[in-house]
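As a plain string of letters, each chain reads:
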Amino acid sequence: MAGAALNIGNLGKIEVEGGPVKQFIFTHFQPAVLLAMILFWSLAPDSIAKASVAVGIGIAFKVICLGLEWVSERHASWRLTWKELATDVFYVAISYTLVKFAAKHIGSKPAVDAIKHYFDIHTPWAAHMPLLLQALLLMLIFDFGQYWMHRAMHNWYPLWLTHAPHHYITQMNALKGAIGNPIEIFLIGLGIGGFFDFLPRAALLAGAVSMAIGAYTHANIRFNTPRWWLYLFNTIEHHSLHHSQDYESTRCNYAGTFIFIDRIFGTCVDDESELVGQEGGRRMSIREQMLYPFLPLIDKFQTWRDRTAMPVPAE
Ligand SMILES: [Zn+2]
Ligand SMILES: [Zn+2]
């Protein structure tokens, strides 16, 4: 792929500072990890290729990314504090427990399974395709749905209420992808990939790659990201612009993994931002993030209660 032919706007301005070894590592880290994931999930024996291992790898990978933030920091203003870390760990714990539980029992998977069962639909051919193709299709199906859900969240107020808490983060780091109201995290996780009988390890590979890209897109890391990668994948550059303080600038770069979906639908902006967070960077508390989607309802209830309250008799 000819790098010069790819139009990636204002990206690539922030480069890694340091010697040749550091330059080499932070230039090739992302493609090397992608290759390692493909090899691991293709070759691992069945006793290892299971969901619990994927969870362990996911947690270890996020810790590694936090280490990379320390070695090659993108912005000092995004440096992790103990307060931010405590909030982030709380949300990561929720994403691995509560949200996973909800997705398993009331999400799209049980609905898709029920429809398949009712109409007796089987797609055995799906599992006979090359593993990499299965994983790629799964990621494309999921990301296509996520793109439209995320875009709808930025354009329809009731959905924005669920997504807004994610836009009240005031700094970026590798754990910030988990921050948000659980309703939003649940909605963005809906997908119809389960319609096809792909191999379980194809789902594990797809999940691993999406997890890594999701960590990069929120990480405070300087990479010398290759141009072809910036063209294909969502990055911290694209996603920091999506998180920028000015609301109009947030209405772009909606894809989770593949930024080329935004390119296809004309919503990609190849730029970045250091200043992040709504209302000029107001940090929202966990309590407010949890209640935020219900604020209009709470407001209405309080107005109704005040109006119907019995007048206090004069003494
Ligand atoms: Zn958003
Ligand atoms: Zn984000």
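Residue indices follow the written sequence of each chain, beginning from 1 at its first position. For naming, the first written chain is A and the first written ligand is 1, with later ones following in the order written. In keeping with the model being predicted, local features are shown solely for residues with a pLDDT of at least 70 and side-chain atom pairs are shown and tallied solely at 80 or more, while totals for entire chains, interfaces and linings include all residues. Side-chain measures were taken over the full set of non-hydrogen atoms in the model, leaving aside hydrogen atoms and water.

Colleague: Any details on the overall build of the protein chain? Residues and values, ideally.
Modeller: For the purposes of this entry, the term helix denotes a DSSP run of H or I that reaches at least four residues, the term strand denotes a run of E that reaches at least two, and both are numbered from the N terminus. Scanning the protein chain for helices and strands turns up 14 helices and zero strands. Listed by position from the N terminus, the elements making up the protein chain come as α-α-α-α-α-α-α-α-α-α-α-α-α-α. Every radius of gyration here is taken over C-alpha atoms, with the globule rule written as 2.2 Å times N^0.38, N being the number of residues. Whereas a compact globule of 315 residues would reach a radius of gyration of roughly 20 Å, the protein chain reaches 21 Å, a difference of no more than 12%. When burial is assessed residue by residue, the protein chain has 44% of its 315 residues classed as buried. Partitioning the intrachain contacts of the protein chain with sequence separation of at least 6 by distance along the chain shows that 78% fall at a separation of at least 24. Per-residue accessibility takes into account occlusion by the displayed protein chains alone, with areas from the Shrake-Rupley method and a 1.4 Å probe. Counting every atom, the protein chain has about 16500 Å² of accessible surface; 69% of that belongs to carbon and sulfur. When charges are tallied, Lys and Arg are placed among the positive residues and Asp and Glu among the negative ones, while His and the ends of the chain are skipped. Charge coordinates come from a single atom per side chain, which is NZ of Lys, CZ of Arg, CG of Asp or CD of Glu. Charge separation in the protein chain, taken as the distance between the mean sites of 24 positive and 25 negative side-chain charges, equals 4 Å. Each residue's exposure class comes from its accessible area (1.4 Å probe, protein chains only) as a fraction of the maximum for that residue type: buried when under 20%, exposed when over 50%, partly exposed otherwise. By definition in these notes, contact holds between two residues if any of their heavy atoms fall within 4.5 Å.

Colleague: Before we move on, could you go through the environment of glycine 281 and cite the residues and values that matter?
Modeller: The topology assignment puts glycine 281 in the loop between helix H12 (259–264) and helix H13 (286–291). With a relative accessible area of 28%, glycine 281 lands in the partly exposed category. The spacing of glycine 281 and glutamine 171 is 110 residues in sequence and 8.8 Å in space, taken between C-alpha atoms. With sequence-adjacent residues up to four places away left out, glycine 281 is seen in contact with Thr170, Gln245 and Val276.

Colleague: Hey, could you go over empty space enclosed by the protein for me, with residue numbers and the actual values?
Modeller: A cavity here means a set of points on a 1 Å grid, drawn over the protein atoms and nothing else, where a 1.4 Å probe fits but cannot get out; a pocket is an open set with protein on both sides within 12 Å along at least five of seven lines, and a residue lines either one if it has an atom within 4 Å of a point. Grid points are joined across faces, edges and corners, and a volume is the space filled by probe spheres set on the points. Under the counting rule described, the total for this entry stands at three cavities of 30 Å³ or more. Put simply, the largest cavity is a space of about 80 Å³. What lines the largest cavity is simply Glu84, Thr87, Tyr168, Ile169, Thr170, Lys176, Ile179, Arg283, Met284 and Gln289. When its residues are assigned to classes, the lining of the largest cavity shows four nonpolar, three polar and three charged. Polarity classes work like this: nonpolar for Ala, Val, Leu, Ile, Met, Phe, Trp, Tyr, Cys and Pro, charged for Asp, Glu, Lys and Arg, and polar for all others, with Gly in that last group.

Colleague: Help me get a handle on the coordination of the zinc ion (ligand 1), residues and values and all.
Modeller: Ideal geometry at a metal centre: 109.5 degrees between donors when four sit tetrahedrally, and 90 or 180 degrees when six sit octahedrally. In this listing, donors mean N, O and S atoms no farther than 2.8 Å from the metal, or 3.2 Å for Na, K and Ca; water is missing from the atoms, so a site can look incomplete. Around the zinc ion (ligand 1), the protein contributes the donor atoms His150 (NE2), His154 (NE2), His163 (NE2), His167 (NE2) and His242 (NE2), which lie 2.0 to 2.2 Å from the metal centre. The sequence pattern describing where the donors of the zinc ion (ligand 1) fall on their chain is H-x3-H-x8-H-x3-H-x74-H. Here histidine 154 is found in the loop between helix H6 (131–153) and helix H7 (157–163), whereas its partner histidine 242 is found in helix H11 (residues 236–242), with 88 residues between them in sequence.

Colleague: Residues and numbers for the coordination of the zinc ion (ligand 2), please.
Modeller: Binding of the zinc ion (ligand 2) to the protein goes through His166 (NE2), His218 (NE2), His239 (NE2) and His243 (NE2), at separations of 2.0 to 2.1 Å. Angular criteria define each label, namely tetrahedral for four donors with all angles between 85 and 135 degrees, square planar for four and octahedral for six donors with opposite donors over 155 degrees apart and remaining angles between 65 and 115, and irregular for whatever fails these tests. Angles of 92 to 152 degrees at the metal separate the four donor atoms of the zinc ion (ligand 2), which places the site in the irregular class.

Colleague: How would you summarise helix H1 (residues 20–43) if you had to cite specific residues and measurements?
Modeller: Look at H1: 32 Å from first C-alpha to last across 24 residues, which is about the 34 Å you get at 1.5 Å a residue. Note that bend, as reported per residue, equals the angle between axes fitted to the 7 residues terminating at that residue and the 7 residues originating from it. Maximum bend of H1: about 50 degrees, positioned at phenylalanine 29, with proline proline 31 one to four residues after it. Among all positions of H1, only Phe26, Phe29, Gln30, Val33, Leu34, Met37 and Trp41 are buried. For H1, the secondary structure elements touched by its buried residues are helix H2 (51–71), H6, helix H9 (200–218) and helix H10 (227–232). Every helix has an expected span of 1.5 Å times one less than the residues it contains.

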